[in-house]
Each structure stands twice: as C-alpha cells, then as structure tokens.
Amino acid sequence: MLEAMADVSCNPNSASDTLTLDGIRDSLIRQEDSIVFSLIERARFPLNGKMYHHNYTSIPGFSGSLVEFIVRETEAIQAKAGRYENPEENPFFPESLPRPLVHPHKYPNVLHPSGASINMNKVIWDFYFNKFLPLLVADGDDGNYAATAASDLACLQALSRRIHCGKYVAEVKFKDAPNEYETPIRSQERDTLMKLLTFEAVEEMVKKRVEKKAMVFGQEVTLNDTNGEGKYKIDPSLVSRLYDEWVMPLTKEVEVEYLLLRLE
Ligand SMILES: C=C(O[C@@H]1C=C(C(=O)O)C=C[C@H]1O)C(=O)O
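Overview of the structure. Keep in mind the model is a prediction, meaning the values are calculated, not measured.

So, the pattern of salt bridges
No. 1: Tallied over the full model, the rule gives 19 salt bridges.
No. 2: Salt-bridge contacts for R44 lead to E41; the nearest nitrogen and oxygen are separated by 3.0 Å.
No. 3: E41 gets classed as partly exposed once you look at its relative accessible area, which sits at 38%.
No. 4: One salt bridge connects K173 with E255, and the closest N-O pair in it is separated by 3.2 Å. Within this pair, whereas K173 is found in helix α5 (residues 166-176), its partner E255 is found in helix α9 (residues 236-261), the two being separated by 82 residues in sequence.
No. 5: Taking relative accessible area as the criterion, E255 reaches 4% and is therefore assigned buried.
No. 6: Within this structure, E32, D33, R209 and K213 form a network of salt bridges that share partners.

Structure representation (structure tokens):
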C-alpha cells in the first residue's frame, strides 16, 4: 500500500487545509525531485541551438523561435484544459490564452488577490535559456527539436511553479508575524522585507540536498555493486548553483513582491 507522500503543490487541496510554513517547505522539497528529474531528461539532448533562433523556423502566421512556438501552443491547449485556473500555475505567454473548455475545478485560494498579478516568468525564461541551459547540456544538434522543446517546457514549468510558491511562503510568513511585516510593507522597504523573510540556514540545506538528489537520481544504476561510480547524468554542483543563483533569489523576489502588495 502506497503511503501518502508530501504534497507537490503549495496551494491547499481543500478549503479546510491550513497553510503552514512547514507544509509549504515540504512541498518545495518534493518539487526538488520534479526539477532534478526534468533537468536529467533535458540533458539527454544536446543544445539544439537552432530551436532558439528567432528566424530559423518559417511557420505561417507565427514569428518567433521554434521553442516559443511549442510553448505558446502547448500553453494554449493546457489553458483549454484548465491548467491556469490553479492559482499556483503561471503561463509564460499569458497574452490571449484561450478560456478553459472544461468544467472548472474549484481551487481554494488562500492568497491575497494582488498575488495573481505577480508573474516572474520572463525572468525565468531569460536565465534558463541564456545562462543556465548552456551549462547543463552538451553542445551539438541531433535534430530532435520537438522532444527537446517539450523537455525545456517541463523544466520551465517545474521551475516556475517552485519560484511562484514564494507567494504562499510570503502569505504564511505574513500571517505568522503581521506586526513585524506591516511597517516595512507600509513604507515599501524592499531590503527590510528581504532580510525578514530570509533564512540562511534553510537555504544552505536546500543547496546541499538538491546536489545530493542530483547524485542519487542521476547515477547509472547497474546490477553489480559499482553503480557507475562518480558518473552522473547531470553535474550535481550545477543543480546547487541553479538554486543558489536563480531559484532561491527569484523565490525571495516573488515573496517581496507579494508582501509589497499584501496590504492593498
Ligand atoms: C522559501 C523560503 O524563504 C526563503 C527562500 C528559500 C528558498 O527559496 O528555498 C529558503 C529560505 C528562505 O531564505 C523559506 O523560508 O522556506
């Protein structure tokens, strides 16, 4: 019998679930697995750089890169199936997404209404393609563009979900200590808010844990005892760097943005 696992989502499943910092941190820990696995999948392919060039494709009625085409079209289908009704999901191309065609699921929404306006996906897109991806994958072109773009989208969606969970983290931190947060929110002091919400010891643990996960999930598994010794599908230290330079700073950026709007 499968035991209940930590929930992958930050949004509560039912209106009676209460938001707690421990619960959200458990969800962020579970999401590390999704992020590491999605990176391992993307690293099966080389860079396939042509996919990212603006002028490589000549799709009638579309101007942009092939990866942008695939992401836009996939998001449109997922929007029709109701993906973005979930307050935890943020599209990369929110302009002109189709409306859901399915019966709406009632997601409990525990966030302040202004939280919906925060979307960090442009920044995520930029760091992922321009800074991180060249470090993750080998150079080269194997022509598997559609499969590669689908795996890029899986990485982007997993990273985006994690980073935007900052809204939930901020909500619970605010609720736990409204008196501490109210003054810097009223005077819109970003730096003070950033200091208040930062837990360095937690961040150190996150970095160590994701590096270890990359080692465990990315090792060659064999039936003798050697298990590929020291050969990993992705560089474990790169995953720790991903969190250190981009994932955690952007999560905190989302937290600050959310708090700045919290008393509106
Ligand atoms: C997410 C939190 O807020 C901050 C961001 C962290 C992260 O992105 O992992 C970790 C600790 C905090 O500095 C948290 O407190 O858990």
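Focus on unusual backbone geometry
No. 1: A positive phi is found at N48, a non-glycine position, where the angle reads about 55 degrees.
No. 2: Examined against the element boundaries, N48 turns out to sit in the loop between α1 (21-42) and α2 (66-80).
No. 3: What makes N48 buried here is its relative accessible area of 0%.
No. 4: Even without a glycine there, the phi angle at Q188 is positive, about 50 degrees.
No. 5: Its location among the elements puts Q188 in the loop between α6 (178-186) and α7 (190-197).

Quick word on the packing of α2 against helix α4 (residues 145-164)
No. 1: Where α2 meets α4, the closest approach of the two axes is 9 Å, and the angle between their N-to-C directions is 60 degrees. Of the two possible hands of crossing, α2 and α4 adopt the one that is right-handed. Contacts from L66, V67, I70, V71, T74 and Q78 of α2 reach α4 at Y145, A146, A149, D152, L153 and Q157.
No. 2: When the residues that make up the contact of α2 with α4 are grouped by side-chain class, the tally is eight nonpolar, three polar and one charged.

Remarks on the layout of surface pockets
No. 1: The computed volume of the largest pocket comes to approximately 300 Å³.
No. 2: Lining the largest pocket are 20 residues, and of these R25, L28, R162, V202 and V206 lie nearest its centre.
No. 3: Taken together, the elements giving at least two residues each to the lining of the largest pocket come down to α1, α5, α8 (200-217) and α9.
No. 4: The residue makeup of the lining of the largest pocket, split by class, is ten nonpolar, two polar and eight charged.

Here's the deal with the site of the ligand
No. 1: Inspection of the region around the ligand gives 15 residues, with R25, R162, K173, F199 and E203 positioned closest.
No. 2: Here R162 contributes a side-chain N or O atom positioned 2.8 Å from an oxygen atom of the ligand.
No. 3: Here an oxygen atom of the ligand and a side-chain polar atom of E255 are 2.9 Å apart.
No. 4: When the free accessible area of the ligand is taken as 360 Å², the share hidden by the protein chains comes to 99%.
No. 5: Elements with a minimum of two residues in the shell around the ligand: α1, α5, α8 and α9.
No. 6: Per-element tally for the shell around the ligand: the top contributor is α9, with four residues.
No. 7: A breakdown of the residues in the shell around the ligand according to their chemical character gives seven nonpolar, two polar and six charged.

So, the state of the cysteines
No. 1: With the rule as written, the count across this model stands at one disulfide.
No. 2: The disulfide that involves C10 links it to C165, with 2.3 Å between the sulfurs. Residues C10 and C165 are joined by a disulfide whose S-S torsion is about 115 degrees; by sign, that bridge is right-handed. One end of the pair, C10, is in the segment before α1; the other, C165, is in the loop between α4 and α5, with 155 residues separating them in the sequence.
No. 3: Here C10 falls in the buried class, since its relative accessible area comes to 5%.
No. 4: The structure places no disulfide on C155, whose sulfur is separated from the nearest cysteine sulfur, that of C165, by 17 Å.
No. 5: According to the relative accessible area criterion, C155 is buried, its value standing at 1%.

Focus: the nonpolar core
No. 1: With 63 residues, the main nonpolar core has L39, I124, F132 and L242 as its most contacted residues.
No. 2: Ignoring sequence-local partners within four residues, the contact set of L39 consists of F132, L136, C155, I234, V239 and L242.

What counts, and at which threshold
Residues numbered from 1 in each chain as written. Predicted model: local features only at pLDDT ≥ 70, side-chain atom pairs only at ≥ 80, totals over all residues. Heavy atoms only, no water. Salt bridge = Lys/Arg side-chain N within 4 Å of Asp/Glu carboxyl O. Buried < 20%, exposed > 50% of the residue type's maximum accessible area, 1.4 Å probe, protein only. Helix = DSSP H or I, 4+ residues; strand = E, 2+ residues; numbered from the N terminus. Axes fitted to C-alpha atoms, helices over the stretch in contact; angles between N-to-C directions. Left-handed = near helix turned anticlockwise from the far one by under 90°. Contact = heavy atoms within 4.5 Å. Nonpolar A, V, L, I, M, F, W, Y, C, P; charged D, E, K, R; others polar. 1 Å grid on protein atoms, 1.4 Å probe; cavity = no way out; pocket = protein on both sides within 12 Å on 5 of 7 lines; lining within 4 Å. Points joined across faces, edges and corners; volume = space filled by probe spheres on them. Near = heavy atom within 4 Å. Polar contact = N/O pair within 3.5 Å; in protein donor to acceptor, adjacent residues only side chain to side chain. Areas by Shrake-Rupley, 256 points an atom, 1.4 Å probe, with all protein chains shown as cover. Disulfide = S-S within 2.5 Å. Core = buried A, V, L, I, M, F, W, Y, C linked by side-chain atoms within 4.5 Å.

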